[in-house]
Amino acid sequence: ADRPARAPRGSRRAPRLAEVLPVRAAAASPPPRGPSATGSATPTFPGRAATGGITGQGLPRGNARRSKRATMWTARGALLLLAATAVAAERLDHLSFEPVYDDVDAGGARIVSRGYRQAGTTEVHQHFVRLTPDRQSKRGALWSRKATGVPSMSAVLRFRISGQGRSFFGDGLALWIVQQGYYVEGSLHGFQEKFLGVGIIVDTFKNSESLAQHRDVTVLVNDGTRELAQMMETVDGCDARVRYHAERADFAVTDSSRLRVVVDDLKLTVSVDEHSTGEWMDCVEVTLPLQSGWAKRAHVGITASTGQLADNHDVLSFVAYSDFAVMESELAEEATKRKFALAGGTAEEQATELSNAVDGLLGTVEVLQHHLEHEMALVKDHIKTVTAKLEQRENVAEGRIGDLEQLINTKVEGSLEERLSSLESALKNMVGKQVNSGIEKQQEMIAQFKARMGGWKLPFALLFLLLIAAGGGLYWLYSKFQKLPLP
């Protein structure tokens, strides 16, 4: 029989699905003996048994090797195709992360996964990721290193927004599915205004200037050219109570909210589960004015920011799928999943399983106690170190204060004495100058008067004339008095 020419070594490839399935079907059911259904006889080769199998004894060596190689390629291609089919409907692990977060980077810092970068004030704990603390003017982000790689995807973001503020708090967090491979800090909830893709904003601050446009959950779509004002001309979103007051008596770390995002090429659907109870509320369903297949090149980012007002913005998990039905199935399974359930079997087997479970639980508790003791020892040592440093600084501060007091006293006393001495000297000089000036003026006046009077004779003559005039006047009065009649 004629055989096809052997392909060059560099051009070999795994067989396609159409090439594999007939071979697998033939392998599952051996060819019929004798004439086929079409009436033609089944071709026979030297060494082929009556059952249709190859014995390999009568087949030439080269043909046997080629047959084994073809079978190997067929099986390998089938496995690859089956794996690709399975992956197409499974979780997107390079975009997903869930607690417990035990991975660390080369610097020893905790990370959510190798598939994400973190920026800003983001801090990863074992069971949650804090993008921003309850402090003003903070920004944090998580950004995927790889694109989604699929044209359609479904995802669930579990988060918690909480803080001490009763009436004033903000600003919120955002989930981004955009064609940008790295994070750029900006004013739009921690990200830049211009982007290519979609952003789902969870805004907890109600600005009085744009109250009519406010939605607790808002969808923003941008083709890379639009400003925020243009995107806000048409608002798509809904209101949802997804913020927790941390000072309430019923607040717990188990409180959380969820966003479910479904991107079906150019169709976007957003749902909200306000308190992670499984009660999903339809929020947005919109057609995206983007190019078909845009999501395949998009990256996933989660950002948060605070301004004059603040809140804790925590991310608990993010799980992405390439198939919505698979996601719904896993969510339903998670809702009914038990922490522990006995498998079937005899009572003795169940007792053994229960004993193993309790033993494992006790081991976990022991580890937790050890971990808590270790952490408390670290806290105690840290407090002791901080207290010693504070005492040392207090002693240094007291010494410095004493030195400052002494210096101030010295400076003040010295300066007062110097000032009093200088004031006394200045006063003496001023008084002396004034007295000398007065004496000089009196002497000058006397001299001027003497000069005007012309010596001592003139005043004596004037005095003599005054005496004569006075005597004449008295004599005249006496004469008048004598002429008066007696009574």
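Structure's up top.
Remember, it's a predicted structure, so these values are computed and weren't measured experimentally.

> I'd love a proper account of the overall build of the protein, names of residues and values included.
When you go through the protein residue by residue, the secondary structure sums to six helices and 17 strands. Within the protein, the fraction of its 487 residues that count as buried is 27%. Taking as baseline every contact in the protein between residues at least 6 positions apart, the subset at least 24 positions apart corresponds to 65%. For the protein, the computed accessible surface area is about 33,000 Å², with 57% contributed by carbon and sulfur atoms.

> An account of a negative patch on the surface is needed here, citing residue identities and associated values.
A contiguous patch of negative charge, built from E90, E330, E333 and E334, is present on the exposed surface. Positionally, E90 belongs in the loop between α2 (61-88) and β1 (116-120). Residue class for E90 comes out partly exposed when judged on its relative accessible area of 41%.

> Outline the pattern of salt bridges, listing residues and values.
Tallying each qualifying case throughout the model produces 13 salt bridges. Between D102 and R110 there is a salt bridge; the shortest N-O distance is 3.6 Å. The partner of E328 in a salt bridge is R260, with the nearest N and O atoms 3.1 Å apart. Of the two residues, E328 sits in helix α4 (residues 324-336) while R260 sits in strand β13 (residues 257-264), which places them 68 residues apart along the sequence. Given a relative accessible area of 11%, R260 falls into the buried group. Salt bridges sharing common partners tie together R91, D93 and E98.

> So what about the nonpolar core? Which residues, and what values?
Counting residues in each nonpolar core, the largest one holds 48 residues, and the members touching the most others are F97, L157, I200, L259, L268, W294 and F318. Considering every element that reaches this core, the biggest residue donor is strand β5 (residues 152-163), with five residues. Discounting chain neighbours no more than four positions away, the residues touching W294 are I177, Q179, G197, V198, V263, D265, L266 and L288.

> Outline the state of the cysteines, listing residues and values.
Per the counting criterion, the structure on display carries one disulfide. The disulfide that involves C238 links it to C283, with 2.0 Å between the sulfurs. The S-S bond linking C238 to C283 shows a torsion near -105°; that makes this disulfide left-handed. Here C283 lies in strand β15 (residues 281-287) and C238 lies in strand β11 (residues 236-238), a separation of 45 residues in the sequence.

> Help me get a handle on the side chain of D134, residues and values and all.
Tracing the chain through its elements places D134 in the loop between β3 (129-132) and β4 (139-144). There is no salt bridge for the buried D134, and the closest opposite charge comes from R135, which lies 5.1 Å off by N-O distance. Of the polar contacts made by the side chain of D134, one reaches the backbone nitrogen of D311; its length is 3.4 Å.

Reading guide: rules and limits
Positions within a chain are numbered from 1, following the residues in the order the chain's sequence is written. Only residues with pLDDT of at least 70 get local features here, since the model is predicted, and only at 80 or more are side-chain atom pairs given and counted; chain-wide, interface and lining totals rely on the full set of residues. Side-chain numbers here rest on the full set of heavy atoms in the structure, without hydrogens or water. Where helices and strands are cited, they refer to DSSP runs of H or I of at least four residues and of E of at least two residues respectively, numbered from the N terminus. The buried label goes to any residue with under 20% of its type's maximum accessible area, the exposed label to any with over 50%, and the partly exposed label to all in between, with areas taken from a 1.4 Å probe on protein chains only. A contact between two residues is defined here by any heavy atoms of the two lying within 4.5 Å. Only the protein chains shown count as cover for residues, and all accessible areas are computed by the Shrake-Rupley method using a 1.4 Å probe. For patch detection, residues must exceed 30% relative accessible area and be free of salt bridges, and they are connected within 9 Å for like charges or within 5 Å for nonpolar side chains (Val, Leu, Ile, Met, Phe, Trp, Tyr). Each salt bridge in this description consists of a side-chain nitrogen of Lys or Arg and a carboxyl oxygen of Asp or Glu lying within 4 Å of one another. As used throughout, the charge tally considers Lys and Arg to be positive and Asp and Glu to be negative, leaving His and the chain termini uncounted. Charged groups are reduced to one reference atom each: NZ for lysine, CZ for arginine, CG for aspartic acid, CD for glutamic acid. Only buried residues count toward a nonpolar core, which is a set of Ala, Val, Leu, Ile, Met, Phe, Trp, Tyr and Cys residues joined through side-chain atoms within 4.5 Å. Cysteine sulfur atoms that come within 2.5 Å of each other are treated as a disulfide pair. Any pair of N or O atoms that falls within 3.5 Å is considered a polar contact. Within protein, one atom must be able to donate a hydrogen and the other to accept it, and sequence-neighbouring residues count only if both atoms are side-chain atoms.

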